Amino acid sequence: MHSVEPPLVRRPCSTQLRLGLRNIYIVPTRFGLLWLAGVALLQLVAIQTRSNGTLLLGFLLLGLMLLAMHLTHDNLNGLQLVCDQPGPGFASQSVGYPLRLQSRMARQRLRLQLKGGEPLVLESLAAGETSVVLPWRPLRRGRQRPGRLHIETIAPLGLFVCWSRWEPAREQLIIPARRPGPVADRQPQSRQDGMEEWQDLKPHRPGERMALVDWPSLAKGRPLQSKQFSEPEERQHQLRPAPGLAFETALEHLADRVWRLHQRGETYGLDLPGRSLPPQRGLRHRDACLEALALA
Amino acid sequence: MKRTLAWFTVLLLVLQCPGLDLAWLLSWPTLGLVLFSSLKLLEARQPADHRLVALLQLLAVGLLAAQMPGLLASCLQLFTALFALAALLAQELGGVLRWRRLLLRSAQLMAAALPLAVVLFLFLPRIGPLWTTDLGSGQRAATGLSPDLDPLGIAELVRTDAPAARVSFSGALPLDPYWRVLVHDRFDGRRWLRAPVAQRRQLLTPAVVSDTTQWWSLEPARGRSVPWDGASLPASADLQIQPDGELTLWQPPSQPRTLRLQLSSAPLAWQQQAPTGRELQLPRRSQLPRLDDLAVQWAALPSDVDRLEAAEAWFRSQPFRYSLAPGDLREVGLDGFLFDQQVGFCGHYASGFTALMRAAGVPARVVSGYQGGRSVQPLGGSPYLEIRQSDAHAWSEVWLAGEGWRRVDPTAWIGGGSAAAREAALGRGVGRARRGGWRWRQWQWWGLDLAWTRWWLSFDQTTQAAWLEQLLGSSPSWIGLLVLAGGASALALGLRVMRWSGVAGPIERTLRLLETLHVTPRPGESFAALCHRAASAHIDLAVSLEAVADAHQQLAHAPLSRRERQHQHRRRQRALRQLARSVSDFGSGPAARR
């Protein structure tokens, strides 16, 4: 369904919006115009044949159209849209933007769409509060707003399309797109101890794994002792943007590297102009790194 | 499900199609619409396609309504429109509602749109046809009277018992009436033919009907001439009285139709229309020598009335006998019938008498139509006269100077020629006993149908004009304002109906009621918890609030049988109604309560 975009209308930009007379637009659909043509045809036939039945049906269809105008408008009128706190997402990927729809009454089919995203169709909306996640595809990193939200309905008869536009004001953190590529990686020298080498023995405590028991020393008549392994020093990555690449491209490669290093469970740090994160591991560290990339 | 509804609509449409008369031009677009919408439905994939199908089906219903205005057809059309609308609704609500609910919603929508439609229907001034086209070819044969009367060629008259017309009166039913249809004024020695009727098309503006006196409901016939009593004025614009006294429609009533007549105070012009000379025309003398010899004696009498009386006396003196099976008289001719065989039915007598009068110099012609009819008193409705094809009759009209055309029925002069005797000859008593139940039901149905017709079809352009004039008096320019104001309030009424009945479920209604008590749901609070909280705050509403909450919990979570579900539904409804009453009491007198 195509709707006309009013060229000179100031779109409201806020964290919540109540749909009302000032921000709802309604026009007949193409089917609505066809319906009117049908009414005209029925009127003509009724006049020519002097048929009361046809005349009444023609007026009935006309009445349905006028009624549908109000019903379609009612379907949007009074709906409240509230921004939820959005989580971070990657650029150039479909990102979910959460919204809460608050309605005092049940509503029929609604269609919501963020600019450049897939439409979300709600078959019905129960009274109360409903959370929806609208997909969109951000192109740039940083704190981004998803742009225009288009909400429309043609229920119940499809004769009128009623729509509204809104720019949700809450920003979403957009991380640079993950793109594999070269990254400057400074690895600090560390001891390469094997996993198999054990360093020390200590008295065995009940409950410790039996695999750790030093059986040879037990055979020599010593008390039960456990082997103690030293944690081998891990590979540490300190990532920087690759020199010689465009900064944005380098950030995208970094985002990909951070993502993969996290998945492999390795330790990594990040050096960015004006910001440096020491090598660490964990979800929180990953998110901090990605946020640093997004805002660099 | 969307498809099921649409296919059901198709079925209903197809069911009505056999009633269409293909001779009427409008029937072809109708069939085309039905066919096209079905084909479109076959290949429909998108919602837009389904919507188009629904619109086409609604249009088809409109065209069908123009051609079949009867009671049964109107009922079918209403249901078809209901299903088509439900199929349209299913495009948007199909994911949520079952199809019974869809039909209910469709009926709701129609009911909501009806007030506006009725206002427009009643008040919007109508206009007559924009152009006149002969929409029917009139070539299709249907039961009815024949334009050529050839009694001598009929060895045995098999009278069909098909219905011909029904007529109801505002006053008392007439006694033994004659309903004239066709006038045969050309005679070739054996057959009586009709002069071709001039196709004059003038838009008559009929006088404003104050009192309709006759309501005719006609079965399809092949001619344009319709039965009437010869003394009434037509009350619709497409009826016209021909100079020879036939009442003609613009187009043959190829589908059942209705017409209205009103009693005329003055005698009509056709009765004084002087003969053109055609009414004296006879074949060459040699063809009917004995008839001529007899008539020449009467021609010597001084006046036309004397000649007529002489003829009556002669017919009464001869041993004529009424029979439906007189045998083939083509060999012996009219002379043979009048002077040798003397056995025949009404056609023979009218034919013989008219030829005699012409030979005696009195302008005369044969008229065919119906005589009598049975008076039927349906259970709930006004009595009406039922006319069947077996009531067909032929009689004569003679021109008497100073008086005009006088109806003469020679069949009545002969032994066994009276209407009652003819009834017996038809063996009607036996038929009635055999098919009594069926006939009785048919009569009841026709009574309903006629009542519907009187009620539904009576509101036409002329009635509306009279009605509006009565309503608005001398200021007809107010009609625009009236239509606008009426339409707006009707629309508001419809919207109110929709908003009140449509969307609000029990939870929403409860929430609304609680809001007036300043109890609003807290985040994360369940409906039952809300009701409990409200009940503790408003102890006087506690019983109904707890009942609503409990019934809701049962319906939402308990595994219930069908009957238990219905019980809980009813319980919730009852409690809600009670709650609404209490809350409105509360709202009206808060000071007294507190």
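Our structure's up above, just so we're on the same page.
Worth saying up front: this structure is predicted, and the values here are computed from it rather than measured.

K.L.:
Any chance you could explain the overall build of chain A here in plain terms?
P.N.:
From N to C terminus, chain A includes 5 helices and 19 strands. Expressed as a percentage of its 296 residues, the buried residues of chain A come to 49%. Considering only contacts within chain A whose residues lie at least 6 apart along the sequence, 68% involve residues at least 24 apart. Only carbon and sulfur atoms are counted for the fraction: they give 52% of the accessible area of chain A, which is about 15100 Å².

K.L.:
Mind showing me how you'd approach the overall build of chain B here?
P.N.:
Secondary structure summary: chain B contains 19 helices and 17 strands in total. Split into buried and exposed, the 594 residues of chain B put 50% on the buried side. Of the contacts formed within chain B by residues at least 6 apart in sequence, a portion of 73% connects residues at least 24 apart. Carbon and sulfur atoms make up 59% of the accessible area of chain B, which totals about 27900 Å².

K.L.:
Would you take a moment to explain the nonpolar core for this structure?
P.N.:
One recurring pattern in soluble globular proteins: nonpolar side chains tend to sit buried together. Core analysis: the biggest nonpolar cluster contains 80 residues, and Trp-35, Leu-67, Leu-157 and Leu-159 of chain A together with Leu-109 of chain B have the highest contact counts within it. The leading source of residues in this core is helix H4 (residues 71–93) of chain B, at 13 residues. With near-sequence residues (within four places) excluded, Leu-109 of chain B lies in contact with Leu-64, Leu-67, Leu-71 and Leu-157 of chain A together with Leu-85, Leu-89 and Met-498 of chain B. Within the second largest apolar cluster, 40 residues are counted, among which are Leu-288, Phe-337, Leu-356 and Ala-364 of chain B.

K.L.:
Is there a simple way to think about the pairing of strand E13 (residues 364–371) of chain B in this case?
P.N.:
In summary, the side chains of a regular strand alternate between the two faces of the sheet. Residue and element names in this part refer to chain B. Of all 8 residues that make up E13, 8 are buried, and the element is covered over most of its length. Looking at chain direction, strand E2 (residues 178–184) and E13 are connected through 6 bridges and run antiparallel. Residue pairing in the sheet places Leu-182 in a bridge with Ser-368 of E13. The pairing of E13 with strand E16 (residues 392–400) spans 7 bridges and is antiparallel. Following the sheet pairing, Tyr-370 is matched in E16 by Ala-392.

K.L.:
Just to check I follow, could you spell out the packing of helix H6 (residues 289–299) of chain B against helix H7 (residues 304–317) of chain B for this structure?
P.N.:
For any two helices packed against each other, the geometry comes down to the angle between their axes and how far apart the axes lie. Residue and element names in this part refer to chain B. Relative to each other, H6 and H7 sit at 135°, their axes nearing to 9 Å. Overall, the two elements H6 and H7 adopt an arrangement that is oblique. The handedness of the crossing between H6 and H7 comes out as right-handed. For the pair H6 and H7, contact is made by Leu-294, Trp-298 and Ala-299 and by Arg-307, Ala-310, Ala-311 and Trp-314, respectively.

K.L.:
Got a minute to help me understand the interface of chain A and chain B in this structure?
P.N.:
It is common to give the size of an interface as the accessible area that goes away when the parts come together. Facing 44 residues of chain A, the contacting portion of chain B comprises 52 residues. Counting the surface lost from both chain A and chain B, the interface buries some 4400 Å², and carbon and sulfur atoms represent 74% of this. Taken together, chain A and chain B are joined by 2 salt bridges. A salt bridge links Arg-109 of chain A to Glu-92 of chain B; the nearest nitrogen and oxygen atoms lie 3.9 Å apart. Linking chain A with chain B are 6 residue pairs in polar contact (both at pLDDT 80 or more), by the criterion used here.

K.L.:
How should the sheet that holds strand E13 (residues 172–175) of chain A be read in this particular structure?
P.N.:
Sheet strands associate in pairs through backbone hydrogen bonding, adopting either a parallel or an antiparallel arrangement. Residue and element names in this part refer to chain A. Strand order across the open sheet formed by 3 strands is E5-E13-E10, with mixed pairing between neighbours. Looking along the sheet, the strands with just one partner apiece sit at the ends: strand E5 (89–90) and strand E10 (142–144). In the sheet, E10 pairs with E13 via 3 bridges, with the strands oriented antiparallel. Within E13, the residue paired with Arg-143 across the bridge is Leu-173.

K.L.:
How should helix H13 (residues 461–472) of chain B be read in this particular structure?
P.N.:
Since the α-helix packs 3.6 residues into each turn, any two residues three or four apart lie on the same face. Over its 12 residues, H13 of chain B runs 16 Å from end to end, which matches the ideal 16 Å to within 8%, given 1.5 Å per residue. One or two steps after H13 of chain B, the chain reaches Gly-473 of chain B, where phi turns positive at roughly 65°.

K.L.:
What is the right way to look at unusual backbone geometry in this model?
P.N.:
Note on backbone geometry: most residues besides glycine have negative phi, and most peptide bonds are trans. Residue and element names in this part refer to chain A. Here Ala-155 and Pro-156 are connected by a cis peptide whose omega angle stands at 5°. Residue position: Pro-156 is located in the loop between strand E11 (149–153) and strand E12 (160–168). A positive phi angle is found at Ser-92, which is not glycine, with a value near 60°. Checked against the element boundaries, Ser-92 lands in the loop between E5 and strand E6 (95–103).

Rules and cut-offs
- Residues numbered from 1 in each chain as written.
- Chains lettered and ligands numbered in written order.
- Predicted model: local features only at pLDDT ≥ 70, side-chain atom pairs only at ≥ 80, totals over all residues.
- Heavy atoms only, no water.
- Helix = DSSP H or I, 4+ residues; strand = E, 2+ residues; numbered from the N terminus.
- Buried < 20%, exposed > 50% of the residue type's maximum accessible area, 1.4 Å probe, protein only.
- Contact = heavy atoms within 4.5 Å.
- Areas by Shrake-Rupley, 256 points an atom, 1.4 Å probe, with all protein chains shown as cover.
- Core = buried A, V, L, I, M, F, W, Y, C linked by side-chain atoms within 4.5 Å.
- Pairing = 2+ DSSP bridges.
- Axes fitted to C-alpha atoms, helices over the stretch in contact; angles between N-to-C directions.
- Parallel < 35°, antiparallel > 145°, perpendicular 65-115°, else oblique.
- Left-handed = near helix turned anticlockwise from the far one by under 90°.
- Buried area = accessible area lost by both parts, 1.4 Å probe.
- Salt bridge = Lys/Arg side-chain N within 4 Å of Asp/Glu carboxyl O.
- Polar contact = N/O pair within 3.5 Å; in protein donor to acceptor, adjacent residues only side chain to side chain.
- Expected span 1.5 Å × (residues − 1).

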